[in-house]
Amino acid sequence: MTKGGAVCPTAAVGALIKTTLVDFPGRVAAAFFLRGCNMRCPYCYNIGLVSDFSDSDGLVPLDVLFAHLEKRRHVLSGLVISGGEPLLNAATPCIIERARALGLAVKLDTNGTFPDELAALIENPQLCPDFIAMDIKTAPLRYAQTMYGTLSSPPTEKITARLERSARIIASLAPTAREWRTVLVPPLVQESDIAAMAQLLPHDASWQFAQFRNENCIDPQ
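Keep in mind that what you see is a predicted model, and the values were worked out from it rather than measured.

1. Quick notes on the overall build of the protein
Then, number 1: Across its full length, the protein carries seven helices and eight strands.
Then, number 2: Whereas a compact globule of 221 residues would reach a radius of gyration of roughly 17 Å, the protein reaches 17 Å, a difference of no more than 12%.
Then, number 3: A buried classification covers 49% of the 221 residues belonging to the protein.
Then, number 4: Counting only contacts in the protein whose residues sit at least 6 apart along the sequence, the fraction spanning at least 24 positions is 72%.
Then, number 5: Distance between charge centres in the protein, computed from 20 positive and 22 negative side chains, equals 6 Å.

Have a look at this one:
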(Lines give C-alpha, C1' and ligand atoms only; values in the text may rest on other atoms or scores of the structure.)
Protein backbone atom coordinates (compact mmCIF):
# COMPACT_ATOMS: atom_id res chain seq x y z
CA MET A 1 0.00 0.00 0.00
CA THR A 2 1.34 3.43 -0.90
CA LYS A 3 1.30 6.52 1.26
CA GLY A 4 -1.88 7.72 -0.44
CA GLY A 5 -3.66 4.45 0.30
CA ALA A 6 -3.79 2.74 -3.10
CA VAL A 7 -3.25 -1.01 -2.85
CA CYS A 8 -0.34 -2.39 -4.90
CA PRO A 9 -0.96 -5.88 -6.34
CA THR A 10 1.86 -8.39 -5.93
CA ALA A 11 1.20 -10.55 -9.01
CA ALA A 12 2.80 -10.05 -12.42
CA VAL A 13 0.60 -7.37 -13.94
CA GLY A 14 2.41 -5.76 -16.85
CA ALA A 15 5.22 -5.57 -19.37
CA LEU A 16 8.03 -3.10 -18.71
CA ILE A 17 9.79 -1.05 -21.38
CA LYS A 18 12.75 0.34 -19.50
CA THR A 19 13.36 3.39 -21.67
CA THR A 20 11.35 5.06 -24.43
CA LEU A 21 11.93 8.33 -26.27
CA VAL A 22 8.72 8.23 -28.32
CA ASP A 23 5.81 7.45 -25.97
CA PHE A 24 5.80 10.56 -23.75
CA PRO A 25 6.22 13.82 -25.71
CA GLY A 26 9.31 15.73 -24.60
CA ARG A 27 10.40 13.22 -21.98
CA VAL A 28 12.73 10.29 -21.46
CA ALA A 29 10.36 7.75 -19.95
CA ALA A 30 9.74 4.19 -18.94
CA ALA A 31 6.52 2.51 -20.10
CA PHE A 32 4.44 -0.08 -18.30
CA PHE A 33 1.82 -2.00 -20.28
CA LEU A 34 -0.84 -3.37 -17.94
CA ARG A 35 -2.74 -6.54 -18.71
CA GLY A 36 -6.48 -6.59 -19.28
CA CYS A 37 -8.68 -4.92 -21.87
CA ASN A 38 -12.40 -4.66 -22.57
CA MET A 39 -11.85 -4.64 -26.33
CA ARG A 40 -10.43 -6.98 -28.96
CA CYS A 41 -9.29 -4.69 -31.73
CA PRO A 42 -8.48 -7.05 -34.61
CA TYR A 43 -5.19 -5.29 -35.38
CA CYS A 44 -3.93 -5.31 -31.76
CA TYR A 45 -0.46 -6.84 -31.40
CA ASN A 46 -0.40 -6.85 -27.57
CA ILE A 47 -2.07 -10.26 -27.62
CA GLY A 48 -0.58 -11.43 -24.34
CA LEU A 49 -1.96 -8.39 -22.54
CA VAL A 50 -5.52 -8.52 -23.81
CA SER A 51 -6.44 -12.11 -24.60
CA ASP A 52 -4.73 -14.48 -22.15
CA PHE A 53 -5.13 -13.33 -18.56
CA SER A 54 -3.79 -16.64 -17.17
CA ASP A 55 -0.43 -16.50 -18.90
CA SER A 56 2.07 -14.21 -17.16
CA ASP A 57 5.08 -15.02 -19.37
CA GLY A 58 7.01 -11.84 -20.02
CA LEU A 59 5.06 -9.87 -17.41
CA VAL A 60 6.55 -8.52 -14.19
CA PRO A 61 5.16 -7.49 -10.79
CA LEU A 62 5.09 -3.91 -9.62
CA ASP A 63 8.14 -4.26 -7.39
CA VAL A 64 10.24 -4.82 -10.53
CA LEU A 65 8.78 -1.65 -12.07
CA PHE A 66 9.33 0.38 -8.92
CA ALA A 67 12.91 -0.86 -8.51
CA HIS A 68 13.66 0.22 -12.09
CA LEU A 69 12.11 3.65 -11.58
CA GLU A 70 14.11 4.13 -8.39
CA LYS A 71 17.34 3.05 -10.08
CA ARG A 72 16.80 5.34 -13.10
CA ARG A 73 15.12 8.24 -11.32
CA HIS A 74 17.96 10.62 -12.27
CA VAL A 75 17.70 9.61 -15.96
CA LEU A 76 13.97 9.23 -16.47
CA SER A 77 11.56 12.15 -16.26
CA GLY A 78 8.31 10.31 -16.96
CA LEU A 79 6.35 7.09 -16.81
CA VAL A 80 3.80 5.94 -19.39
CA ILE A 81 0.98 3.73 -18.09
CA SER A 82 -0.57 1.87 -21.01
CA GLY A 83 -2.14 -1.48 -21.79
CA GLY A 84 -4.41 -3.18 -22.40
CA GLU A 85 -6.65 -0.61 -20.77
CA PRO A 86 -5.13 0.84 -17.58
CA LEU A 87 -8.44 2.23 -16.32
CA LEU A 88 -9.55 -1.39 -15.90
CA ASN A 89 -6.59 -2.30 -13.75
CA ALA A 90 -6.55 -1.86 -9.98
CA ALA A 91 -2.79 -1.27 -10.10
CA THR A 92 -3.06 2.09 -11.88
CA PRO A 93 -3.61 4.37 -8.84
CA CYS A 94 -0.77 2.67 -6.99
CA ILE A 95 1.59 3.13 -9.94
CA ILE A 96 0.69 6.81 -10.28
CA GLU A 97 1.30 7.47 -6.58
CA ARG A 98 4.67 5.72 -6.59
CA ALA A 99 5.82 7.46 -9.76
CA ARG A 100 4.83 10.83 -8.32
CA ALA A 101 6.74 10.07 -5.12
CA LEU A 102 9.83 9.59 -7.29
CA GLY A 103 9.30 12.94 -9.00
CA LEU A 104 8.20 11.49 -12.34
CA ALA A 105 5.53 12.92 -14.60
CA VAL A 106 2.81 10.41 -15.54
CA LYS A 107 1.22 9.81 -18.94
CA LEU A 108 -1.92 7.68 -19.22
CA ASP A 109 -3.01 5.91 -22.40
CA THR A 110 -6.70 4.99 -22.60
CA ASN A 111 -9.25 3.77 -25.14
CA GLY A 112 -11.82 6.26 -23.86
CA THR A 113 -14.56 3.79 -22.95
CA PHE A 114 -14.36 4.39 -19.19
CA PRO A 115 -15.21 8.07 -18.68
CA ASP A 116 -16.26 7.62 -15.02
CA GLU A 117 -12.91 6.14 -14.07
CA LEU A 118 -11.11 8.78 -16.14
CA ALA A 119 -12.99 11.59 -14.40
CA ALA A 120 -12.20 10.11 -10.99
CA LEU A 121 -8.47 10.25 -11.74
CA ILE A 122 -8.55 13.78 -13.10
CA GLU A 123 -10.57 15.07 -10.15
CA ASN A 124 -8.05 13.65 -7.66
CA PRO A 125 -4.99 15.95 -7.38
CA GLN A 126 -2.82 13.04 -6.28
CA LEU A 127 -3.81 10.85 -9.23
CA CYS A 128 -4.43 13.25 -12.11
CA PRO A 129 -2.04 12.31 -14.94
CA ASP A 130 0.24 14.98 -16.35
CA PHE A 131 -0.57 13.87 -19.89
CA ILE A 132 -3.41 11.77 -21.33
CA ALA A 133 -3.57 10.13 -24.74
CA MET A 134 -6.85 8.68 -25.98
CA ASP A 135 -7.01 6.16 -28.79
CA ILE A 136 -9.82 6.62 -31.30
CA LYS A 137 -10.13 3.37 -33.22
CA THR A 138 -12.64 4.24 -35.92
CA ALA A 139 -16.00 5.97 -36.27
CA PRO A 140 -17.99 5.51 -33.04
CA LEU A 141 -20.80 3.76 -34.93
CA ARG A 142 -18.36 1.02 -36.00
CA TYR A 143 -16.97 0.13 -32.55
CA ALA A 144 -19.57 -2.50 -31.68
CA GLN A 145 -19.10 -4.17 -35.05
CA THR A 146 -15.31 -4.21 -35.27
CA MET A 147 -13.62 -3.57 -31.91
CA TYR A 148 -15.09 -6.09 -29.49
CA GLY A 149 -14.56 -9.34 -31.37
CA THR A 150 -16.31 -12.18 -29.58
CA LEU A 151 -16.74 -10.09 -26.43
CA SER A 152 -20.14 -8.70 -25.55
CA SER A 153 -20.10 -5.06 -26.60
CA PRO A 154 -22.26 -2.28 -25.15
CA PRO A 155 -24.99 -0.87 -27.40
CA THR A 156 -23.68 1.55 -30.01
CA GLU A 157 -25.32 4.55 -28.36
CA LYS A 158 -23.56 3.77 -25.07
CA ILE A 159 -20.20 3.42 -26.78
CA THR A 160 -20.69 6.73 -28.56
CA ALA A 161 -21.72 8.48 -25.34
CA ARG A 162 -18.68 7.13 -23.50
CA LEU A 163 -16.28 8.20 -26.22
CA GLU A 164 -17.86 11.65 -26.40
CA ARG A 165 -17.64 12.14 -22.64
CA SER A 166 -14.03 10.95 -22.42
CA ALA A 167 -13.07 13.28 -25.27
CA ARG A 168 -14.71 16.21 -23.44
CA ILE A 169 -12.91 15.34 -20.21
CA ILE A 170 -9.55 15.20 -21.96
CA ALA A 171 -10.31 18.38 -23.91
CA SER A 172 -10.62 20.18 -20.55
CA LEU A 173 -6.89 19.69 -20.02
CA ALA A 174 -4.30 22.10 -21.36
CA PRO A 175 -3.45 21.44 -25.03
CA THR A 176 0.09 20.53 -23.98
CA ALA A 177 -1.25 17.78 -21.70
CA ARG A 178 -3.35 15.79 -24.15
CA GLU A 179 -3.50 14.09 -27.52
CA TRP A 180 -5.61 11.66 -29.52
CA ARG A 181 -4.26 8.79 -31.61
CA THR A 182 -5.53 6.65 -34.48
CA VAL A 183 -3.89 3.68 -36.17
CA LEU A 184 -4.60 3.85 -39.89
CA VAL A 185 -5.79 0.28 -40.44
CA PRO A 186 -6.99 0.24 -44.08
CA PRO A 187 -10.25 -1.73 -43.67
CA LEU A 188 -11.24 0.02 -40.44
CA VAL A 189 -10.34 3.68 -41.03
CA GLN A 190 -11.78 5.17 -44.17
CA GLU A 191 -12.21 8.85 -45.08
CA SER A 192 -15.76 8.86 -43.71
CA ASP A 193 -14.55 7.31 -40.45
CA ILE A 194 -11.94 10.05 -40.01
CA ALA A 195 -14.63 12.68 -40.52
CA ALA A 196 -16.80 11.01 -37.86
CA MET A 197 -13.90 10.75 -35.40
CA ALA A 198 -13.05 14.41 -35.91
CA GLN A 199 -16.47 15.35 -34.56
CA LEU A 200 -15.35 14.12 -31.13
CA LEU A 201 -12.32 16.40 -30.90
CA PRO A 202 -11.75 20.02 -29.92
CA HIS A 203 -10.59 22.38 -32.65
CA ASP A 204 -7.08 22.53 -31.16
CA ALA A 205 -6.65 18.77 -30.77
CA SER A 206 -3.30 17.16 -31.34
CA TRP A 207 -4.41 14.13 -33.37
CA GLN A 208 -1.60 11.70 -34.16
CA PHE A 209 -1.93 9.09 -36.92
CA ALA A 210 0.11 5.89 -36.72
CA GLN A 211 0.92 3.49 -39.52
CA PHE A 212 -0.63 0.03 -39.21
CA ARG A 213 1.90 -2.69 -38.28
CA ASN A 214 0.88 -6.01 -39.74
CA GLU A 215 2.59 -8.02 -36.99
CA ASN A 216 1.17 -10.63 -34.57
CA CYS A 217 -2.37 -9.29 -34.88
CA ILE A 218 -5.20 -10.83 -32.88
CA ASP A 219 -7.04 -11.39 -36.15
CA PRO A 220 -4.55 -12.86 -38.65
CA GLN A 221 -6.82 -11.75 -41.50
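2. As for the sheet that holds strand 6 (residues 131-135)
Then, number 1: Reading across the sheet, the eight strands line up as 3-1-2-4-5-6-7-8 and stay open at both edges, with mixed pairing between neighbours. Because the sheet does not close on itself, it has two edges, and the strands there are strand 3 (60-61) and strand 8 (207-211).

3. Points about the layout of surface pockets
Then, number 1: Reported here for the largest pocket is a volume of approximately 1000 Å³.
Then, number 2: What lines the largest pocket is a set of 34 residues, and nearest its centre among them are Tyr45, Asn46, Asp135, Arg181 and Val183.
Then, number 3: Elements represented by at least two residues in the lining of the largest pocket include exactly strand 4 (78-82), strand 5 (105-110), strand 7 (178-184) and strand 8.
Then, number 4: Looking at the lining of the largest pocket, its residues break down into 16 nonpolar, nine polar and nine charged.
Then, number 5: What the second largest pocket holds in volume is close to 200 Å³.
Then, number 6: As for the second largest pocket, its lining consists of Pro42, Tyr43, Val185, Pro187, Leu188, Phe212, Asn214, Cys217, Asp219, Pro220 and Gln221.
Then, number 7: Partitioning the lining of the second largest pocket into residue classes produces eight nonpolar, two polar and one charged.

4. With respect to the nonpolar core
Then, number 1: Residues Phe32, Leu62, Leu65, Leu69 and Ile95 are the most contacted members of the largest nonpolar core, which totals 67 residues.
Then, number 2: Element by element, the count of residues in this core is highest for strand 2 (residues 29-34), at six residues.
Then, number 3: Non-local contacts of Leu62, meaning those with residues more than four positions away in its chain, are made with Cys8, Pro9, Ala11, Val13, Phe32, Ala91, Cys94 and Ile95.

5. Let's talk about the packing of helix 4 (residues 115-122) against helix 6 (residues 156-171)
Then, number 1: Where helix 4 contacts helix 6, the two axes come as close as 9 Å, and the packing angle between them is 15 degrees. Accordingly, the angle class assigned to the pair helix 4 and helix 6 is roughly parallel. By crossing handedness, the relation of helix 4 to helix 6 is classed as left-handed. Note on element contacts: helix 6 touches helix 4 through Arg162, Arg165, Ser166, Ile169 and Ile170, opposite Pro115, Asp116, Leu118, Ala119 and Ile122.
Then, number 2: For the contact of helix 4 with helix 6, the class distribution of residues is six nonpolar, one polar and three charged.

6. Notes on the pattern of salt bridges
Then, number 1: What the rule picks out here adds up to ten salt bridges.
Then, number 2: Linking Arg178 and Asp204 is a salt bridge whose minimum nitrogen-to-oxygen distance equals 3.2 Å. Note that Arg178 is positioned in strand 7 and Asp204 in the loop between helix 7 (191-198) and strand 8, a separation of 26 residues in sequence.
Then, number 3: Owing to a relative accessible area of 4%, Arg178 belongs among the buried residues under this scheme.
Then, number 4: Since its relative accessible area comes to 33%, Asp204 is described here as partly exposed.
Then, number 5: Where Arg213 meets Glu215, a salt bridge forms, and the shortest distance between an N and an O atom there is 3.2 Å.
Then, number 6: Residue classification places Arg213 among the partly exposed residues on the basis of a relative accessible area of 40%.
Then, number 7: On the basis of relative accessible area, Glu215 is assigned to the partly exposed category, the value being 38%.

Rules used in this analysis
Throughout this document, residue positions are counted from 1 along each chain, in the order its sequence is written. In keeping with the predicted nature of the model, local features appear solely for residues at pLDDT of at least 70, side-chain atom pairs appear and are counted solely at 80 or more, and the whole-chain, interface and lining totals rest on all residues. As a rule here, side-chain values cover all heavy atoms of the structure and leave hydrogens and water aside. A helix here means a DSSP run of H or I that spans at least four residues, while a strand means a run of E at least two residues long, and both kinds are numbered starting from the N terminus. Each radius of gyration is computed over the set of C-alpha atoms, and the globule rule expresses the reference value as 2.2 Å times the number of residues to the power 0.38. Each residue is placed in one exposure class: buried if its accessible area under a 1.4 Å probe, protein chains only, is under 20% of its type's maximum, exposed if it is over 50%, and partly exposed if it falls in between. Any two residues having at least one pair of non-hydrogen atoms within 4.5 Å are treated as being in contact. In this count, Lys and Arg are taken as positive residues and Asp and Glu as negative ones, while His and the chain termini are left out. Taken as the charge location is NZ of Lys, CZ of Arg, CG of Asp or CD of Glu. At least two bridges found by DSSP between two strands is the condition for calling them paired. Two kinds of site are reported from a 1 Å grid over the protein atoms alone, namely cavities, where a 1.4 Å probe fits but cannot get out, and pockets, open sets with protein on both sides within 12 Å along at least five of seven lines, and residues are called lining when an atom falls within 4 Å of a point. Grid points are joined across faces, edges and corners, and a volume is the space filled by probe spheres set on the points. Gly is put with the polar residues, along with every residue not named as nonpolar or charged; the nonpolar set is Ala, Val, Leu, Ile, Met, Phe, Trp, Tyr, Cys and Pro, and the charged set is Asp, Glu, Lys and Arg. Put simply, a nonpolar core is a bunch of buried Ala, Val, Leu, Ile, Met, Phe, Trp, Tyr and Cys residues held in one set by side-chain atoms that sit within 4.5 Å of each other. All axes are obtained by fitting lines to C-alpha atoms, using only the stretch in contact for helices, and the reported angles, taken between N-to-C directions, cover 0 to 180 degrees. Reported orientations rely on four angle classes, namely roughly parallel under 35 degrees, roughly antiparallel over 145, roughly perpendicular from 65 to 115, and oblique for the rest. A crossing counts as left-handed when the near helix is turned anticlockwise from the far one by less than a right angle, and as right-handed when that turn is clockwise. Whenever Lys or Arg places a side-chain nitrogen within 4 Å of a carboxyl oxygen from Asp or Glu, that contact is recorded as a salt bridge.

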